[in-house]
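# Coordinate analysis (summary)
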Amino acid sequence: MAVNLGDADADELPSMLWGLDPVYSAYSKLYITDILQMKESRQVPGVYFYKTHPLFQVDVLGTVVYKRERDDFYCYGVDDSTGVISCLCWKDEKWSDQGESSKCRDPSGSSRGFNIEDELKRLKEAERKSTMLEIGDLLRVRGTVKTSRDAREIRANCFYKVNDPVMAVQILHMLEMPQLYRKCYDQPFQMPKDDLGGTEAGGSSHFHRLLSRSVLALKEFLLEKEVARFRPYDVEFLLHPLIQSCSAEQESDQPGTSFATQIRKLLKETLSVLQDEGQIFRKIRTADEVYNVTEQDKDLHTAIKDVLREDTKREKYAEKGCHVLHILSSVRQRYSQNLSREVLEVALTFLECNSDIISTTEAHYTVL
Amino acid sequence: MLPPPAVFHFLWEISTDLVKDGASVRTYGRLISYEPEESKAILSGQQSSAQYNMSVQTTLVEPFQPTLGAQYFVLGEIEKTDGLSGAILHARTLSNVDGVDLTLLQKAIMEQRCFFKERLPEMNVQAFNCKPSYMKNL
């Protein structure tokens, strides 16, 4: 499997930037046809893309054309004239025992003034009634988009019947939606201006995108080829297609920088990111730049297991296991003084996934 | 399982070729007659000083309180017959919307159509006169 980045996340915004798009955090008011047709993200399932915007929560208004009721939920089919989607609306348990109490209400309510209990009961009753709809009623649903059994549906977080006797709400909706699309959803996502980078705003955001792609490429390569150790020039080739594709797009990068310089800069930043994450490390700091891959370094794993095996025999650590920092200092003595905490954490997680070791608390480990 | 979406159409469009047999539509009009025994109602609308009538089969939405002269909003499937009665709408929903601002409703429907037409220029949507000046007024 060659690492083909041509179409992998070329169209999609990298996931670490999603939070910057306000559409992602909002319940987007989209036409149902768009909700049904939008593509699921290749990076994270459960998140969808409408043009350049990532989103997973929507707000729809439409006529109920289908109804199915069970003990604990309603399934309403909502039609907004562009499409029909089913909405899964969970019933609230607090409404289930309203039957008896509603009868003993004081109908006039005026004589006693403000009785909080009665008012609360009336409020609960009103809430409950607003969730019971029939075919032909107008429904507003705010919820998460889910794909189940090849069909898109909305799992409602909030839903209620809209009283619209003179169609005012629907008219407003029809007038408002094109505006929203023109101003917001159809506009391509713009990265906010970044003043920290020395380069132009367009340049630094472009570089971020490039960086996340190169980090991903390198990680995939190291995993697939089970690389235990490498030098920078061994993996440089992975970055070539990224730089080539970006210069073809003619972004406003620094003009005049050569291909080699760009590659070198990108490689340096990528290795730095991976080191900070703990995925790779340099065992010995010499002129020769050799990187070890944490999850593939058998010697490191053996060192950690030896430390745990020996120390958990001691009374001090027998019950609770060894704290991460203790393991860190021991492994540093045995294996490499340059080991960072991040690298150790990655290795410990890896070993735990393989059931070689066990964590007794969030920061303590032991071996059986 | 789910019915097809019902597209907004005006009464005067229903008898034309814009609306196919079997299409799901939503429309509105003034109730001018109702025969409960036959479950038949007639909605009427006006455009350019011409009256347009449409028959509605109300079997699925009965019983309802018929108010003659009131505006009704109806959603359902069109059946085109070759006979004199023209098209019949088999209503799935019917609601009294008396008091609706007809001009504003028409404007909203047109605005939405203009937008759909903008998005999909290759599709053959009704070629209505789209006035972008609506956007400036809002």
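Residues numbered from 1 in each chain as written. Chains lettered and ligands numbered in written order. Predicted model: local features only at pLDDT ≥ 70, side-chain atom pairs only at ≥ 80, totals over all residues. Heavy atoms only, no water.

On the surface, a cluster of nonpolar side chains totalling about 450 Å² of accessible area is made up of A:Phe114, A:Ile116, A:Leu120 and A:Leu123. Residue placement: A:Leu123 occurs in helix α3 (residues 116-129). (Patch = residues over 30% accessible without salt bridge, like charges linked within 9 Å, V, L, I, M, F, W, Y side chains within 5 Å. Areas by Shrake-Rupley, 256 points an atom, 1.4 Å probe, with all protein chains shown as cover. Salt bridge = Lys/Arg side-chain N within 4 Å of Asp/Glu carboxyl O. Helix = DSSP H or I, 4+ residues; strand = E, 2+ residues; numbered from the N terminus.)

With 30 residues of chain A at the contact, the number on the chain B side is 31 residues. Both faces combined, the contact of chain A with chain B buries some 2700 Å², and carbon together with sulfur accounts for 66% of it. For the chain A face of the interface with chain B, the top three residues by lost area are A:Met174, A:Leu175 and A:Arg182, together amounting to 24%. Our count for the contact surface shared by chain A and chain B stands at four salt bridges. Notably, a salt bridge pairs B:Glu118 with A:Arg182, separated by 3.1 Å at the nearest N-O pair. (Contact = heavy atoms within 4.5 Å. Buried area = accessible area lost by both parts, 1.4 Å probe.)

Attention now moves to the nonpolar core. Residues and elements named next belong to chain A. The biggest cluster of nonpolar side chains holds 29 residues, and the ones touching the most others in it are Leu30, Ile35, Tyr76, Leu139, Val141, Phe159 and Tyr181. Elements supplying a minimum of two residues to this core: α2 (32-37), β2 (48-50), β4 (57-69), β5 (73-79), β6 (84-90), β7 (138-148), β8 (151-162) and α4 (168-185). In this structure, Phe159 is in contact with Tyr74, Tyr76, Cys89, Trp90, Thr131, Leu139, Arg140 and Val141, ignoring residues within four places of it in sequence. If you look at the next biggest cluster of nonpolar residues, it comprises 23 residues, including Cys322, Val324, Leu348 and Val367. (Core = buried A, V, L, I, M, F, W, Y, C linked by side-chain atoms within 4.5 Å. Buried < 20%, exposed > 50% of the residue type's maximum accessible area, 1.4 Å probe, protein only.)

Here we take up helix α11 (residues 324-334) of chain A. Turning to α11(A), its buried residues are A:Val324, A:His326, A:Ile327, A:Leu328, A:Ser330 and A:Val331. On its buried face, α11(A) sits against α9 (298-311), α10 (315-318), β12 (322-323), α12 (341-353) and β14 (364-366) of chain A.

Further remarks concern the pairing of β8(A). Residues and elements named next belong to chain A. For β6 and β8, the ladder comprises three bridges, and the chain directions are parallel. Bridging across to β8, Leu88 finds its partner in Arg155. The sheet contact formed by β7 and β8 spans 11 bridges and is antiparallel. Its bridge partner lying in β8, Val145 is registered against Ile154. Hairpin connection of β7 to β8: two residues between the antiparallel strands, including Arg149 at a positive phi of 55°. (Pairing = 2+ DSSP bridges.)

Residues and elements named next belong to chain A. Taken as a whole and assessed by the stated rule, the structure comprises 26 salt bridges over all chains. Here Lys29 and Glu176 are joined by a salt bridge, their closest N and O atoms 3.7 Å apart. Separated by 147 residues along the polypeptide, Lys29 in the loop between α1 (22-25) and α2 and Glu176 in helix α4 bring together distant segments of the chain. Across the pair Lys225 and Glu224 runs a salt bridge, and its minimum N-O distance is 3.9 Å.

Residues and elements named next belong to chain A. Within the secondary structure, Asn292 sits in strand β11 (residues 291-293). Look at Asn292 and you get buried, because its relative accessible area is 5%. Contact partners of Asn292, with chain neighbours within four places excluded, come to Ala228, Arg229, Gln279, Ile280, Phe281, Lys283, Asp297 and Tyr335.

Honestly, that's just the spatial picture; any functional story needs more than this.
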